[in-house]
Amino acid sequence: MRGLTHRAVDRKAAMPPGTTSAYFRTRTALLTALVTRLVQLDQAELHTTDEGLPPLHTVEQLVNAMGMLVRQRLTGEGRRRSLARYACAVESVRDPELREILVPRENAGREAVRLFLAAHGVTDVENRTHTLLTCIDGLVFDRLVSGGEVRREALEGLVAAALRQDASDG
């Protein structure tokens, strides 16, 4: 985050010095614009990914879709965005405005998971959807930090846990 300066953005964008500061007067404004753009790009990626997927009816289909999303987040441009998003998340601990921008958004992918869990008899769909997607996010973070890939077995385990009926569920 220390490297995010108006000058650095000007250099990276091959713009004349001062261009970035003309649009984003403060570091806070620059950071807010960055976080807003990251969220827009993530939402667009999730929308595009969802358009290419069939409806999720089986555990295998859900695990395959999650595997595809994880690979997107761990490679190429998705990897760069993931690293930036996590750096911004840490920064948002001190900035409520950034935290609000980073709140998980409704999107077709989240809705597909919600519908899948409901169709499989999960009674606490909202909490299970949130927990499942948060755990996947944690796996992405772990692999970004530690290297390697997310194993299919890990995704299968998370889906199995999301589908598991608690004794209190009846």
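Residues numbered from 1 in each chain as written. Predicted model: local features only at pLDDT ≥ 70, side-chain atom pairs only at ≥ 80, totals over all residues. Heavy atoms only, no water.

1. Concerning the confidence of the model for the protein chain
Inclusion rule: The predictor attaches a confidence to each residue, called pLDDT, with possible values from 0 through 100. Put simply, DSSP marks the helices as runs of H or I at least four residues long and the strands as runs of E at least two long, and each gets a number from the N terminus on.
Here the protein chain averages 88 in pLDDT, while 96% of its residues score no lower than 70. The secondary-structure element of the protein chain with the lowest mean pLDDT is helix α3 (residues 27–51), recorded at 84, while helix α9 (residues 152–163) shows the highest, at 96.

2. Section: the side chain of Glu45
So the rule is basically this: Summary of the burial criterion: residues with accessible area below 20% of their type's maximum are buried, those above 50% are exposed, and those between are partly exposed, where the area comes from a 1.4 Å probe applied to protein chains only. Contacts described as polar in this section are N or O atom pairs within 3.5 Å, which, within protein, must combine one atom able to donate a hydrogen with one able to accept it, while residues neighboring in sequence count only if both atoms come from side chains. Working rule for contacts: check all heavy atoms of both residues, and any pair within 4.5 Å makes them a contact.
Relative to the helices and strands, Glu45 resides in helix α3. By relative accessible area, which is 14% here, Glu45 ends up buried. A distance of 3.0 Å separates polar atoms of two side chains, one belonging to Glu45 and the other to Arg73. Other than its neighbours up to four places away in sequence, Glu45 contacts Leu69, Gln72, Arg73 and Arg81.

3. Some remarks on unusual backbone geometry
Unusually for a residue other than glycine, Ala14 sits at a positive phi of about 55°. Within the secondary structure layout, Ala14 lies in the loop between α1 (6–12) and α2 (19–23). For Ala14, a relative accessible area of 66% translates into the label exposed.

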